[in-house]
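# Per-entry structural report
Here's the letter readout for the chains.
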Amino acid sequence: MGDIEDHEEEFLSLRLAIVNDSSCCNHINKKIIKKRKRRELMKNFINTWDLNESNCEGKILSLLELREMMLKNDVKKKGHIVVEDGKVGLHLIHSLLISATSIDENTIDLAIENLHELYQNVTLFGDSIQRMAAYFADGLIARLLTRKSPFYDMIMKPPTQEEEFLAFTEFYKVSPFYQFAHFTANQAILEVFEKELEYNNGLLHVIDFFDISYGFQWPSLIQSLSENATTLNRISLKITGYGKTIDELRETETRLSSFAKGFRNLSFEFQGVLSGFKLSNLTKRKNETLAINLMFHLNSLSTYSKISKTLKEVHDLCPSIVTIVEQEGCKIPQTFMPRFMDSLHYFAAMFDSLDDCLPIDSIERLSIEKNHLGKEIKNVLNYDEGGNNNNNSIIINSSSRYDHNEQMETCKGRMESHGFLGIPLSCKNIMQAKLLMKIRSYSNSTIQIDGGINGGFRVFEIEDPRAISLAWQDRSIVTASAWHCVL
């Protein structure tokens, strides 16, 4: 019991240091605080679905300390990296599965035991499985803490806006992931616009739902549109982009407007709107070609009712085309274990692909994994099922939230049930995707055009309707498709 009390005292001291003013801390006599109150304080910070054993509190604190040791050791290991063999990777995956299942079943002791073992074997500077498992372990331990806990904030602390932008930029450069998604969607939009040139007066309006992603998608579309325009027949492009903050939207507007000024035969307008802005409030120009770009947006919605509401609002605008790009993981509207398994497969492919894009000791790789992929892992394992990220508790067992038939719903069935039909992606679009892989393959031998026994990135077609997927080895990681309204 002495060790437990020491842990409680240490935890209490840390809590007071974080929550209270330092001048107040000097006047608090911790020795007169009863043991019962210390335990109640501890339980304010730890989810207590099944914490009946007195030593659970000390175990979680010990687990947090072990995590800190792992991070400190990583700093020392940097530059002296030892990649483990495949058996270690399989063991880590096994431990992750047991931990996740135990948390889902509220068997907290077993979860803590396996997380303890995980933190002794994971590292941010090891092989792809070790690195990925480190972020999954963080996501799982966060589920053991309430959102009042300073430790929850420490583990889930998001990157700064600058760190997030840098990670996104670096990922865009080294991996074909976002380039494939953007170029494929842009080509589909361009082809529909060209078909409607007879009556659209050269007006194209794109509504971008994906928090604008810093505007990286649109320079290639601006350039392609300019190639079809003349000084007498100018093309007008308006982009309405959703963003998280006003500053981000202003930076995106400045970046895109500056780029568009280089094309004198194209008129460009950017309208930034904050997330939550209603589509019904947008104005359409007469005869314009309207394109809706749902780039990773449906993945981010926390319930099927929100997906349905979005698709109904989109359908009400009667767009000429809706482009959808979806990750083959990170799908929120699922109960915890299916979501965990999908995410585990998906991020295993993503981390493995980065090994072939960047050296294992690369600062850029660490930035991408910590501030982009790692952030996604922790968020997808800890999303608030009510859609509000500021709640003070986490609902773990939510199997009653979603109907089984909804979980099995395919993208095709979902779209058709909301009044959309698939637009087969053109041969030109497919060839463009393969050309992108071919260009990148000159500098990266892991990229394959039509498969191959050596693995790497692959592009393949999906029928009914014709869509395109980018895969890492045999695992599809992102799929692009296009749709139009059925009136």
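Located above this text is the structure these notes cover.
Computed from a predicted structure; not experimentally measured. (Residues numbered from 1 in each chain as written. Predicted model: local features only at pLDDT ≥ 70, side-chain atom pairs only at ≥ 80, totals over all residues. Heavy atoms only, no water.)

## Observations regarding the overall build of the protein chain
- Helix and strand counts for the protein chain stand at 19 helices and nine strands.
- When contacts within the protein chain are restricted to residue pairs at least 6 apart in sequence, those whose partners lie at least 24 apart make up 77%.
- Counting only carbon and sulfur atoms, one obtains 51% of the accessible surface of the protein chain, whose full area is about 22600 Å². (Helix = DSSP H or I, 4+ residues; strand = E, 2+ residues; numbered from the N terminus. Contact = heavy atoms within 4.5 Å. Areas by Shrake-Rupley, 256 points an atom, 1.4 Å probe, with all protein chains shown as cover.)

## Points about the packing of aromatic side chains
- Taken as a whole, this structure holds 22 aromatic pairs when the rule is applied.
- Measuring from centroid to centroid gives 6.2 Å for F168 and Y172, while their planes differ by 35°, and the two rings are tilted. You can see F168 and its partner Y172 sitting in helix 9 (residues 161-174), four residues apart, about one turn around the helix.
- In this structure Y172 comes out as buried when scored by relative accessible area, which is 12%.
- On the numbers, 5.2 Å between centres and 80° between planes, the contact of Y172 with F216 is edge-to-face. (Phe/Tyr/Trp six-rings, centres within 6.5 Å; stacked < 30°, edge-to-face > 60°. Buried < 20%, exposed > 50% of the residue type's maximum accessible area, 1.4 Å probe, protein only.)

## Some remarks on the packing of helix 7 (residues 128-143) against helix 16 (residues 363-381)
- Axis separation between helix 7 and helix 16 bottoms out at 9 Å; the angle between their running directions is 35°. Pair helix 7 / helix 16 crosses with right-handed handedness. Residues R131, M132, Y135, F136, D138, G139, L140 and R143 of helix 7 form the contact with helix 16, whose own contacting residues are R365, L366, E369, K370, G374, I377, K378 and L381.
- Broken down by class, the residue content of the contact of helix 7 with helix 16 amounts to seven nonpolar, two polar and seven charged. (Axes fitted to C-alpha atoms, helices over the stretch in contact; angles between N-to-C directions. Left-handed = near helix turned anticlockwise from the far one by under 90°. Nonpolar A, V, L, I, M, F, W, Y, C, P; charged D, E, K, R; others polar.)

## Considerations on the packing of helix 9 against helix 16
- Here helix 9 crosses helix 16 at 110°, and the two axes come no closer than 8 Å. The angle between helix 9 and helix 16 places the two elements in the roughly perpendicular class. Between helix 9 and helix 16 lies a crossing whose hand is left-handed. Two secondary-structure elements touch here, helix 9 through E163, E164, A167, F168, E170, F171 and V174 and helix 16 through E364, S367, I368, N371, H372 and K375.
- Tallied by class, residues from the contact of helix 9 with helix 16 come to five nonpolar, three polar and five charged. (Parallel < 35°, antiparallel > 145°, perpendicular 65-115°, else oblique.)

## Concerning unusual backbone geometry
- The phi dihedral of N106 is positive, around 65°, even though this residue is not glycine.
- Judged by its relative accessible area of 22%, N106 is partly exposed.
- A positive phi angle, close to 55°, is found at Q473, a residue other than glycine.
- Relative to the helices and strands, Q473 resides in the loop between strand 8 (467-472) and strand 9 (475-485).
- Judged by its relative accessible area of 35%, Q473 falls in the partly exposed class.

## Examining empty space enclosed by the protein
- Summed over all chains, the structure comprises one cavity of 30 Å³ or more.
- In terms of lining residues, the largest cavity is bounded by T184, A185, A188, T323, I324, V325, L425, A480, S481 and A482.
- Listed by contribution, the elements that provide at least two residues to the lining of the largest cavity are helix 10 (177-195), strand 5 (321-327) and strand 9.
- Among the residues making up the lining of the largest cavity, the classes are represented as seven nonpolar, three polar and no charged. (1 Å grid on protein atoms, 1.4 Å probe; cavity = no way out; pocket = protein on both sides within 12 Å on 5 of 7 lines; lining within 4 Å. Points joined across faces, edges and corners; volume = space filled by probe spheres on them.)

## Focus: the nonpolar core
- Judged by nonpolar contacts, the single largest core of 105 residues is most densely connected at F340 and I477.
- Those residues in contact with I477, other than ones at most four positions away along the chain, are F177, E326, Q327, E328, Y346, A349, M350, F457, L470, A471 and W472.
- One finds L279, L290, L311 and V322 within the second-largest nonpolar core, a separate group that totals 22 residues. (Core = buried A, V, L, I, M, F, W, Y, C linked by side-chain atoms within 4.5 Å.)

## Comments concerning the pattern of salt bridges
- All told, the structure shown has 12 salt bridges when counted by the stated rule.
- One salt bridge connects R458 with D474, and the closest N-O pair in it is separated by 3.1 Å. Taken as a pair, R458 in strand 7 (residues 457-462) and D474 in the loop between strand 8 and strand 9 lie far apart in primary sequence, 16 residues in all.
- Residue class for R458 comes out buried when judged on its relative accessible area of 17%.
- Taken together, the shared-partner salt bridges in this structure form one network comprising R131, D355, R365 and E369. (Salt bridge = Lys/Arg side-chain N within 4 Å of Asp/Glu carboxyl O.)

## Side note on the pairing of strand 2 (residues 235-243)
- Most of strand 2 is tucked away, with nine of its nine residues classed as buried.
- Across six bridges, strand 1 (residues 203-208) lies against strand 2 in parallel orientation. By the bridge assignment, L203 is partnered in strand 2 with S236.
- With nine bridges joining them, strand 2 and strand 3 (residues 266-274) adopt parallel strand pairing. Among the inter-strand pairings, S236 is bridged to a residue of strand 3, identified as S267.
- Taken together, strand 2, helix 12 (residues 246-260) and strand 3 form a β-α-β motif whose crossover is right-handed. (Pairing = 2+ DSSP bridges. Right-handed = clockwise from strand over helix to strand, strands pointing away.)

## Re the side chain of D208
- Along the chain, D208 turns up in strand 1.
- The charged side chain of D208 is buried without a salt bridge, its nearest counter-charge being R255 at 11 Å.
- One polar contact links D208 to W218, side chain to side chain, over a distance of 3.2 Å. (Lys, Arg positive; Asp, Glu negative; His and termini not counted. Polar contact = N/O pair within 3.5 Å; in protein donor to acceptor, adjacent residues only side chain to side chain.)

## Examining a negative patch on the surface
- On the surface, E162, E163, D247 and E251 cluster together into a negatively charged patch.
- Taken together, the elements giving at least two residues each to the negative patch come down to helix 9 and helix 12.
- Relative to the helices and strands, E163 is located in helix 9.
- Among the residues examined, E163 registers a relative accessible area of 35% and is labelled partly exposed. (Patch = residues over 30% accessible without salt bridge, like charges linked within 9 Å, V, L, I, M, F, W, Y side chains within 5 Å. Charge placed at Lys NZ, Arg CZ, Asp CG, Glu CD.)

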